[in-house]
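Here are the chains, one letter per residue:
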Amino acid sequence: MIAQQRVSLFELTAEQRAIGELARDFARDEIAPHIERWDREHTFPRELYTKLNAVGLMGMLVPEAYGGVQTGYLSYALAIEEVAKVDAGTAVTLSVHSMICGAIAALGSAAQKDAWLAKVGSEDCIAGFALTEPDAGSDAAAIRGRAARDGDGYVLNGRKQWCTNGGYAGVVMAMFRTGGAGSKGISAFLVDPATPGVAVEKVTRKLGIHTSDTVDLAFADARIPAQALLGHEGAGLSAALGALTAGRIGIAAQAVGILAACLDASVKFAKERSAFGRPIGAFEGIAFKIARMATDLEAARLLVYRAAALADAGRAFAVDASKAKLFASTAARVHASEAVQIHGGYGYTTEFPVERYYRDAKITEIYEGTSEIQQLIIARSLLGRLGD
Amino acid sequence: MVIPEDRQLNIVVAVKLVPDTNADKRIDPQTRRLVRSAAETVLNPFDEYAIEAGLQLKEQLADGSSVTIVTMAPESGKEVVRKALAMGADRAVMLSDPAFAGSDVWATAYVLAAGIRRIGFDLVLTGTQSTDAITGELPGALAEYLGVPGLTYAREIHVAAGRVRVKRETDTGYQTLSAPLPALASITKSAAEPRFASLKGIMAAKKKEIAVLRLADLEIAQAVGGDGAKLEVTELTASPARAAGKTVTAADGNAGARTIVAFLKERNLL
């Protein structure tokens, strides 16, 4: 039996702390001064990613040989958390980008790694993701977009919905049907969005994460080379779901960041705001909300760290990632609501950031697998597929 | 001593480890010293400008010149010092000895000078002040103990032909100063924004050397630390609570603005 690497849960290494601090300082200096305006104006701050790339935060899951830093998932989770504490939108851009970096590193051919990993890892090229279609969300095996083999390439036709980073991506990981119906007929491709026939059809407006780019991509007879196929034909859904499994660590960390921001804002407000002659934090109705918020934050954080540490140790982490995402996203949504409640009328205004946290928190229960899907994964790990 | 033009420069940046600027600070009424265990320790934010200036000089010279970080601090501060290495400094030296604890500005400058002499230097850079003690006296005292010209409050710094030239901020304008190396310069916050430590920098910093020098390693002839301190804090009192502000009542916004402008002008604030 291969000795398993011990997973240390309660102490970060100096290097992990330094990476978290870098992300914290970066977010404080480069995002915080602008976030109110970016959120209000639905701005995708493209130049921000040039700066994130310069400090290496776009290459966290890219091996050093390709210009990245390969810090591992725990450092990655720490960085995403710090960024999400200031802006959840930037955090998801970073999370999805990194998830695709990880997929290319894991599944790509030598030629694909040469072609794309240095670009996404250190050359300011953002990666986007295209799986969902108007009629295929959680039921990803139902996608209809077609990749038809044609000579030495494929011709893509179909429409991909809610592609994260799609409008600014230099490469898109896109899933299309190459075979018959069902999950085995799907293949994954690394598509250059500059390919003729690929177009951004619609920019979707959302409740929150306004700094994240969400677009529909239309593919009309878009011809791509055979080398764009990631892995082999028929392995596309498993490639996509594998990427999303790792992506859940990022989204769970994003939820932790939102939750941490809610706690900071609530503690500050509870000390500063007075009512009935006392700071409102002196009332148990407020103080207990804060106590529960802090406890759930710590629990969510430990679940995320555990899933990330398992991934770093090369151990199975899918169910742990699902548990982390389920718990952290629920906690973020619940406590963002409480943070608004603690702020009262002020919390409902755009003068305080908690209304943004409230709008941003909800999506963490939906993307990278809904909370229902996470529960299915967790339940099946215990019960198997009963009744199938 | 004259530094030949073609020689690589040994740039030494003296930094201080301070309690997190954003944390609530507490002073022990018995020792009348700041309780340092209460808050996270960070690099003195002012010193990051000196590190940045040192790194930019090194990059401009591009001749293999090096940046060495020196600090007088307990060894527990090692990871904080590593941040300066992650920004790009080549190595660090910590002056760590229980005998240094409780040093005042004089003793700190004296010990740092001994450490810097031991390291060897052509140019010493410092911040302008620390966020904890805020005396702003160290750069001058350190230049004095090193026996080199001290060019303080530099917002620009250049090195060429064995000389350092700085644009110095004063209350009324700027002075351009020049001095032969070796020299010391303190760098202001208007010089250049400190860079972020990059991920590659963080990884590289793991392998960089942080040497530790003790009292016995340095040529120190006088008592330092709390025993050698010449300055004694004899009493601490809280600053008086701020008096209530003045409220301006006016017929409309314009009239109110005029009253406020007049009030500020009277006090030479505008």
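Being a predicted model, the structure only gives us computed values, none of them experimental.

J.: Sorry, what's going on with the overall build of chain B here?
T.: Scanning chain B from N- to C-terminus turns up seven helices and 13 strands. Here the C-alpha coordinates of chain B stretch approximately 70 × 45 × 40 Å along the principal axes. For chain B, the proportion of its 270 residues judged to be buried stands at 43%. For chain B, the share of sequence-separated contacts (at least 6 apart) that also reach a separation of at least 24 residues comes to 72%. Surface exposure of chain B reaches about 14,500 Å², of which carbon and sulfur atoms provide 50%. Side chains of chain B carry 32 positive and 32 negative charges; the gap between the two charge centres is 3 Å.

J.: Where do I start with the packing of helix H8 (residues 284-312) of chain A against helix H9 (residues 318-343) of chain A in this structure?
T.: In a packed pair of helices, the relevant descriptors are the angle between the two axes and the axis-to-axis distance. Residue and element names in this part refer to chain A. Between H8 and H9, the shortest axis-to-axis distance is 9 Å and the interhelical angle comes to 160°. Here H8 lies roughly antiparallel to H9, going by the angle between them. Read as a crossing pair, H8 and H9 show a hand that is left-handed. Among the residues forming the contact of H8 with H9, the class breakdown is 16 nonpolar, two polar and seven charged.

J.: I would appreciate a short explanation of the confidence of the model for chain B in the present structure.
T.: In low-pLDDT segments, the atomic positions of the prediction should not be examined closely. Residues with a pLDDT of 70 or more make up 97% of chain B, whose mean pLDDT is 90. Predicted complex metrics record ipTM = 0.82 and pTM = 0.87.

J.: Help me understand the pattern of salt bridges in this model?
T.: Pairs may arise between side chains of opposite charge once their charged atoms sit close together. By the definition in use, this model includes 33 salt bridges over all chains. Note that Arg24(A) is salt-bridged to Asp25(A), the shortest N-O span being 3.5 Å. On the accessibility criterion, Arg24(A) (34% relative accessible area) is partly exposed. We classify Asp25(A) as buried; its relative accessible area is 9%. Its salt-bridge partner being Arg223(A), residue Asp150(A) comes within 2.4 Å of it at the nearest N-O pair. Separated by 73 residues along the polypeptide, Asp150(A) in strand S2 (residues 146-150) and Arg223(A) in strand S7 (residues 214-225) bring together distant segments of the chain. Taken together, the salt bridges that share partners define one network made up of Arg24(A), Asp25(A), Arg28(A), Asp29(A), Glu48(B) and Lys83(B).

J.: Help me understand the pairing of strand S11 (residues 174-180) of chain B, please; the structure alone is not making it clear to me.
T.: Moving residue by residue along a regular strand, the side chains alternate between the two faces of the sheet. All names here are of chain B. As judged from the seven bridges shared by strand S10 (residues 163-169) and S11, these two strands associate in the antiparallel manner. Across the sheet, residue Arg168 finds its bridge partner in S11, namely Gln175. Between S10 and S11, which pair antiparallel one after the other, the connecting turn spans four residues.

J.: Would you explain the nonpolar core in this entry?
T.: Considering soluble globular proteins, one finds that nonpolar side chains tend to be buried as a cluster. By size, the foremost hydrophobic cluster in this structure holds 148 residues, and its most contacted members are Phe129(A), Met173(A), Ile249(A), Ile69(B), Leu125(B), Ile157(B) and Val164(B). Dropping the residues within four chain positions of it, Ile69(B) is found in contact with Val13(B), Val15(B), Ile51(B), Val81(B), Ala84(B), Ala89(B), Arg91(B), Ala92(B) and Val93(B). Ranked by size, the runner-up nonpolar core spans 26 residues in total, among them Val93(B), Phe121(B), Leu146(B) and Val148(B).

J.: What exactly am I supposed to notice about the layout of surface pockets here?
T.: Over the atoms a probe the size of a water molecule is rolled, and this reveals where empty space is left. Residues and elements named next belong to chain A. When its volume is computed, the second largest pocket comes out at roughly 1,100 Å³. Thr132, Ile366, Tyr367, Glu368 and Gly369 are, among the 40 residues lining the second largest pocket, the residues nearest its centre. Sorting the residues of the lining of the second largest pocket by element identifies helix H5 (88-107), strand S1 (126-130), strand S3 (153-164), helix H7 (236-272) and helix H11 (371-383) as the ones contributing at least two each. For the lining of the second largest pocket, the element with the highest residue contribution is H7, accounting for five residues. In terms of residue class, the lining of the second largest pocket is built from 20 nonpolar, 12 polar and eight charged.

J.: Would you mind going over the sheet that holds strand S1 (residues 10-15) of chain B with me for this structure?
T.: Note: strands within a sheet are paired through backbone hydrogen bonds, in either parallel or antiparallel orientation. Residue and element names in this part refer to chain B. Reading across from one edge, S11-S10-S9-S12-S8-S1-S6-S7-S13 is the order of the nine strands in this open sheet, with mixed pairing throughout. Of all the strands in the sheet, just S11 and strand S13 (210-213) have a single pairing partner and so form its edges. Neighbour to neighbour, the strand axes of the sheet diverge by 30° on average, direction disregarded. Looking at chain direction, strand S9 (residues 150-160) and S10 are connected through six bridges and run antiparallel. Directly across from Ala160, in S10, lies its bridge partner Arg163. Here helix H3 (residues 105-119) sits on the sheet in contact with S1, strand S6 (66-72), strand S7 (91-95), strand S8 (123-126) and S13, set at roughly 145° to S6.

J.: Would you take a moment to explain the domain arrangement of chain A for this structure?
T.: Where interface size is given, it is often the accessible area lost as the parts come together that is meant. Residue and element names in this part refer to chain A. Structurally, chain A comprises domain 1 (2-127), domain 2 (128-235) and domain 3 (238-383). Using only C-alpha atoms to locate each centre, domain 2 and domain 3 end up separated by 30 Å. On the side of domain 3, 13 residues touch domain 2, which itself brings 11 residues to the contact. Between domain 2 and domain 3 lies a buried interface of about 910 Å² when both sides are counted; carbon and sulfur atoms form 72% of it. Across the domain 2-domain 3 interface, the total number found is zero salt bridges. At the junction of domain 2 with domain 3, the criterion picks out four residue pairs in polar contact (both at pLDDT 80 or more). Residue composition of the side of domain 2 that touches domain 3, grouped by class: eight nonpolar, three polar and no charged.

J.: I tried to follow the interface of chain A and chain B on my own but got confused; where do I start?
T.: Facing the 20 residues of chain A at the interface are 11 residues of chain B. Counting across the interface, chain A meets chain B through two salt bridges. A salt bridge links Lys83(B) to Asp25(A), with the shortest nitrogen-to-oxygen separation between them at 3.4 Å. A total of 11 residues in the side of chain A that touches chain B trace back to one element, the largest contributor, which is helix H1 (residues 14-31) of chain A. Classifying every residue of the side of chain A that touches chain B gives 10 nonpolar, four polar and six charged.

J.: What am I meant to see in unusual backbone geometry here?
T.: For residues that are not glycine, phi is negative in most cases, and the peptide bond is trans in most cases. Pro182(B) follows Leu181(B) through a cis peptide bond whose omega is 0°. Relative to the elements of secondary structure, Pro182(B) occurs in the loop between S11 and strand S12 (183-187). Here the phi dihedral of Trp162(A) falls at roughly 55°; this positive angle occurs in a residue that is not glycine. Within the secondary structure, Trp162(A) sits in strand S3.

J.: I tried to follow the environment of Ile51(B) on my own but got confused; where do I start?
T.: Residue and element names in this part refer to chain B. Position of Ile51 relative to the elements: it lies in helix H1 (residues 45-61). In this structure the C-alpha to C-alpha distance between Ile51 and Ile187, which are 136 residues apart in sequence, comes to 9.1 Å. Non-local contacts of Ile51, meaning those with residues more than four positions away in its chain, are made with Val13, Val15, Leu43, Ile69, Ala84 and Met87.

J.: What is the right way to read the pairing of S3(A) from this model?
T.: Residue and element names in this part refer to chain A. Here S2 pairs with S3 via five bridges, running antiparallel. Across the sheet, the residue bridging to Ala148 is Val155, located in S3. Here S2 folds back onto S3 in antiparallel fashion, the turn holding two residues, of which Gly151 has a positive phi close to 60°. Note that S3 and S7 share nine bridges and pair antiparallel. The residue of S7 that forms the bridge with Cys163 is Val215.

Calculation criteria
- Residues numbered from 1 in each chain as written.
- Chains lettered and ligands numbered in written order.
- Predicted model: local features only at pLDDT ≥ 70, side-chain atom pairs only at ≥ 80, totals over all residues.
- Heavy atoms only, no water.
- Helix = DSSP H or I, 4+ residues; strand = E, 2+ residues; numbered from the N terminus.
- Buried < 20%, exposed > 50% of the residue type's maximum accessible area, 1.4 Å probe, protein only.
- Contact = heavy atoms within 4.5 Å.
- Areas by Shrake-Rupley, 256 points an atom, 1.4 Å probe, with all protein chains shown as cover.
- Lys, Arg positive; Asp, Glu negative; His and termini not counted.
- Charge placed at Lys NZ, Arg CZ, Asp CG, Glu CD.
- Axes fitted to C-alpha atoms, helices over the stretch in contact; angles between N-to-C directions.
- Parallel < 35°, antiparallel > 145°, perpendicular 65-115°, else oblique.
- Left-handed = near helix turned anticlockwise from the far one by under 90°.
- Nonpolar A, V, L, I, M, F, W, Y, C, P; charged D, E, K, R; others polar.
- pLDDT = per-residue confidence, 0-100.
- Salt bridge = Lys/Arg side-chain N within 4 Å of Asp/Glu carboxyl O.
- Pairing = 2+ DSSP bridges.
- Core = buried A, V, L, I, M, F, W, Y, C linked by side-chain atoms within 4.5 Å.
- 1 Å grid on protein atoms, 1.4 Å probe; cavity = no way out; pocket = protein on both sides within 12 Å on 5 of 7 lines; lining within 4 Å.
- Points joined across faces, edges and corners; volume = space filled by probe spheres on them.
- Domains from an automatic or database assignment.
- Buried area = accessible area lost by both parts, 1.4 Å probe.
- Polar contact = N/O pair within 3.5 Å; in protein donor to acceptor, adjacent residues only side chain to side chain.

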